[in-house]
Amino acid sequence: MTHEEIDSIIERYHGKESAILAILQDIQAKEKYLPKETLEHLGERLHIPSSKIYRIATFFRAFSLMPRGRHEIVVCLGTACHVRGGQRVVDQFTMELGIRSGETTPDWNFTLETVNCLGVCAAGPVVAIDGQYFGKMSSTKVEETLKKFRPGKKEGTNGKD
Ligand code: FES
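This is a predicted model, so every value here is computed, not measured.

1. Remarks on the sheet that holds strand β4 (residues 132-134)
Strand order across the open sheet formed by 4 strands is β2-β1-β3-β4, with mixed pairing between neighbours. Both outer strands of the open sheet, β2 (110-115) and β4, are each paired with one neighbouring strand and no more. Along the sheet, successive strands turn relative to each other by an average axial angle of 20°, direction set aside. On top of the sheet, helix α6 (residues 86-97) reaches β1 (71-76), β2 and β3 (127-129); it is set at about 150° to β1, its chief contact.

Next up, the structure:
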């Protein structure tokens with residue numbers, strides 16, 4: 001993201017320091033992470049110490065300081081999902097993709113994360129990919145689910161088109 005693009009986001013919020021959260025959200029949405037250089041530029045423009053911006057960026061789970069894959073897989077390991085086999089689902093994603101929670105595949109296509117609840121416990125085990133929920137997951141459904149998001153597939157389709 002260029003400095004001009006960052007500046008235009010800042011201007012959208014009238015350069016207000018109080019809008020730092022909203023500004024970070026917009027940058028995260030566009031870049032999928034918060035690059036170090038971007039945070040430093042923000043600090044200079046808004047006259048906020050970089051240390052404060054880093055604290056905000058690391059406090060909120062929605063922000064990432066590391067580049068993210070094109071598709072974000074979030075596997076729920078909350079109690080309701082865990083007792084129904086959530087860990088086996090995570091393990092299967094790890095086997096299929098060769099990455100653990102918090103990591104990104106070398107081709108930047110997938111980032112794998114785990115969370116403590118996705119808010120739809122009755123459908124557990126639950127996985128969300130790019131915000132699309134897949135309920136009643138099992139390790140045997142992982143490969144088929146991933147196919148929908150592999151390069152060359154139309155995103156979020158059932159893989160038939
Ligand atoms: S525990 Fe998994 S959705 Fe709530």
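2. Here we look at the packing of helix α1 (residues 3-12) against helix α3 (residues 36-46)
At their nearest, the axes of α1 and α3 sit 11 Å apart, and the two run at 50° to each other. Taken together, the axis directions place α1 and α3 in an arrangement best described as oblique. The hand of the α1/α3 crossing is right-handed. Side by side, α1 and α3 meet where His 3, Ile 6, Asp 7 and Ile 10 of the first sit next to Glu 37, Thr 38, His 41, Leu 42, Arg 45 and Leu 46 of the second. Here the contact of α1 with α3 is built from residues that sort into 4 nonpolar, 3 polar and 3 charged.

Here is what the cut-offs are and how they apply
- Residues numbered from 1 in each chain as written.
- Predicted model: local features only at pLDDT ≥ 70, side-chain atom pairs only at ≥ 80, totals over all residues.
- Heavy atoms only, no water.
- Pairing = 2+ DSSP bridges.
- Helix = DSSP H or I, 4+ residues; strand = E, 2+ residues; numbered from the N terminus.
- Axes fitted to C-alpha atoms, helices over the stretch in contact; angles between N-to-C directions.
- Contact = heavy atoms within 4.5 Å.
- Parallel < 35°, antiparallel > 145°, perpendicular 65-115°, else oblique.
- Left-handed = near helix turned anticlockwise from the far one by under 90°.
- Nonpolar A, V, L, I, M, F, W, Y, C, P; charged D, E, K, R; others polar.

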